[in-house]
Amino acid sequence: MVEIVEAKFITSAPNVNAAPESLDQDEVVFMARSNVGKSSLLNALTNHKGLAKVSSTPGKTRLINYFDVTFMDRDTSEKKLAKFVDLPGFGYAKVSKSIKHDWEKNLTDYISQREQIKLFIHLIDCRHPHLDIDTSVSQFLFDAVRENQYILQIFTKIDKLNQKEQNALRREFPNAMMVSSSKKKGTHKAIKAIYDILQEEDSED
Ligand SMILES: Nc1nc2c(ncn2[C@@H]2O[C@H](COP(=O)(O)OP(=O)(O)OP(=O)(O)O)[C@@H](O)[C@H]2O)c(=O)[nH]1
Ligand SMILES: [Mg+2]
């Protein structure tokens, strides 16, 4: 079993130019519409309640937050370090157009310029799987992703769906994962999936 045995906040950055230096391609970027449950999932994955702030006021996180995370394979005791990157929620309606535009530019710059990114995790609220904004983000990622990068879709708040609805979602999105941070469902699977992708060799090696 793979677990995250350590996680700590490193720094916040307002944009890609202020991102911390790191040489390896070891970043796992979490992206989601505001209020989808990104902070809750970060806390659940790292088993660290106060790591990322959870709020009922959407759109609070306006900075890019960095966390150093240590994975450990319990079977082999092998460790793997990575950075989790918490990007500000996109598509938050209650900010002015110009702020919104600045943020969208900021996010797209980060995604297209930051070569350290190994994995993009796109979180989607399981109750709203077909929002235009998520479809655009999926398309954007699909176009932006480089040969040595990966995309993982994770549906959040799966406790809000009954079994039948969960099965239907699974059929429609067979490559996606499903989690509930509050019920701690699917979190081990998600950790393992992230770990396996981080273990993939860079293509130029
Ligand atoms: N039922 C349920 N509620 C959840 C789950 N995860 C998060 N929530 C709730 O959804 C709300 C938003 O959660 P956050 O984790 O703060 O979401 P976020 O995406 O980080 O939001 P912002 O940073 O504000 O954009 C909170 O009220 C959480 O308690 C879940 O797995 N199940
Ligand atoms: Mg948050």
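Placed above this text is the structure.
What you see is a predicted model; the values in this text were computed from it and never measured. (Residues numbered from 1 in each chain as written. Chains lettered and ligands numbered in written order. Predicted model: local features only at pLDDT ≥ 70, side-chain atom pairs only at ≥ 80, totals over all residues. Heavy atoms only, no water.)

*Asks:* What am I meant to see in the overall build of the protein here?
*Replies:* A tally of helices and strands in the protein yields five helices and seven strands. Along the protein, helices and strands appear, N-terminal first, in the series β-β-α-β-β-α-β-α-β-α-β-α. Computed over its C-alpha atoms, the radius of gyration of the protein comes to 16 Å, within 12% of the 17 Å expected for a compact globule of 205 residues. Each principal axis of the C-alpha distribution contributes one length, and for the protein these read about 50 × 45 × 35 Å. Within the protein, buried positions represent 47% of all 205 residues. The long-range share in the protein, meaning contacts at least 24 apart out of those at least 6 apart in sequence, stands at 72%. Here the protein displays about 11100 Å² of accessible surface, and carbon together with sulfur accounts for 49% of that area. Across the protein, the 29 positively charged side chains and the 29 negatively charged ones have centroids separated by 11 Å. (Helix = DSSP H or I, 4+ residues; strand = E, 2+ residues; numbered from the N terminus. Rg over C-alpha atoms; globule rule 2.2 N^0.38 Å. Buried < 20%, exposed > 50% of the residue type's maximum accessible area, 1.4 Å probe, protein only. Contact = heavy atoms within 4.5 Å. Areas by Shrake-Rupley, 256 points an atom, 1.4 Å probe, with all protein chains shown as cover. Lys, Arg positive; Asp, Glu negative; His and termini not counted. Charge placed at Lys NZ, Arg CZ, Asp CG, Glu CD.)

*Asks:* Would you mind going over the sheet that holds strand β4 (residues 78–86) with me for this structure?
*Replies:* In spatial order, the strands read β1-β3-β4-β2-β5-β6-β7; together these seven strands make up an open sheet with mixed pairing. The sheet is open, and its two edges are formed by β1 (2–13) and β7 (177–178), each paired on a single side. Pairing analysis gives ten bridges linking β1 to strand β3 (residues 64–73), with the strands arranged antiparallel. Each bridged residue has a counterpart across the sheet, and for Ile4 the counterpart in β3 is Phe71. Lying on the sheet, helix α3 (residues 132–144) is in contact with β2 (27–32), β5 (117–125) and β6 (150–156); it crosses β5 at an angle near 165 degrees. (Pairing = 2+ DSSP bridges. Axes fitted to C-alpha atoms, helices over the stretch in contact; angles between N-to-C directions.)

*Asks:* For this particular structure, what's the right way to read the nonpolar core?
*Replies:* Buried together is how nonpolar side chains tend to be arranged in soluble globular proteins. In terms of nonpolar packing, the biggest core is built from 31 residues, with Phe30, Leu45, Phe71, Phe84, Ile121 and Ile194 touching the most fellow members. Of all the secondary structure elements, the ones that give two or more residues to this core are β1, β2, α1 (38–46), β3, β4, β5, β6 and α5 (187–199). It is α5 that provides the largest number of residues to this core, a total of seven residues. Ignoring any residue separated from it by four or fewer positions in sequence, one finds Phe84 in contact with Ile4, Val28, Phe30, Leu42, Leu45, Thr46, Asn65, Tyr66, Phe67, Val69, Phe71 and Ile194. (Core = buried A, V, L, I, M, F, W, Y, C linked by side-chain atoms within 4.5 Å.)

*Asks:* I keep staring at the pairing of β3 and nothing clicks. Help me out?
*Replies:* Both faces of the sheet carry side chains from a regular strand, because those side chains alternate between them. Across the ten residues of β3, nine count as buried, placing the element largely inside the fold. One ladder, built from nine bridges, connects β3 with β4; its direction is antiparallel. Across the sheet, residue Thr70 finds its bridge partner in β4, namely Leu81. In this antiparallel pair of consecutive strands, β3 and β4, the connection spans four residues, and Ser77 shows a positive phi of 65 degrees.

*Asks:* Teacher, can you tell me more about the packing of α1 against α5 here?
*Replies:* In a pair of packed helices, the angle between the axes and the distance between the axes together describe the arrangement. Where α1 contacts α5, the two axes come as close as 9 Å, and the packing angle between them is 85 degrees. Of the possible angle classes, the one that applies to α1 and α5 is roughly perpendicular. Contact residues: α1 offers Leu41, Ala44 and Leu45, while α5 offers Thr187, Ala190, Ile191 and Ile194. Of the residues that constitute the contact of α1 with α5, the class distribution is six nonpolar, one polar and no charged. (Parallel < 35°, antiparallel > 145°, perpendicular 65-115°, else oblique. Nonpolar A, V, L, I, M, F, W, Y, C, P; charged D, E, K, R; others polar.)

*Asks:* Before we go on, may I ask you to explain unusual backbone geometry in this structure?
*Replies:* Negative phi values dominate among residues other than glycine, just as trans dominates among peptide bonds. At Asn35, a position not held by glycine, the phi torsion is positive, near 75 degrees. Its identity is not glycine, yet Lys157 carries a phi of approximately 55 degrees, on the positive side. Its place among the elements puts Lys157 in the loop between β6 and α4 (163–172). On the basis of relative accessibility, which here comes to 23%, the residue Lys157 falls in the partly exposed class.

*Asks:* Looking at this model, I keep getting lost on the environment of Thr108. Mind explaining?
*Replies:* Mapped onto the elements of the fold, Thr108 is located in helix α2 (residues 97–113). Considered as a pair, Thr108 and Ile133 are 25 residues apart in the sequence and their alpha carbons are 14 Å apart. Looking at Thr108, its side chain comes within polar contact range of the main-chain oxygen of Lys105, at 3.0 Å. (Polar contact = N/O pair within 3.5 Å; in protein donor to acceptor, adjacent residues only side chain to side chain.)

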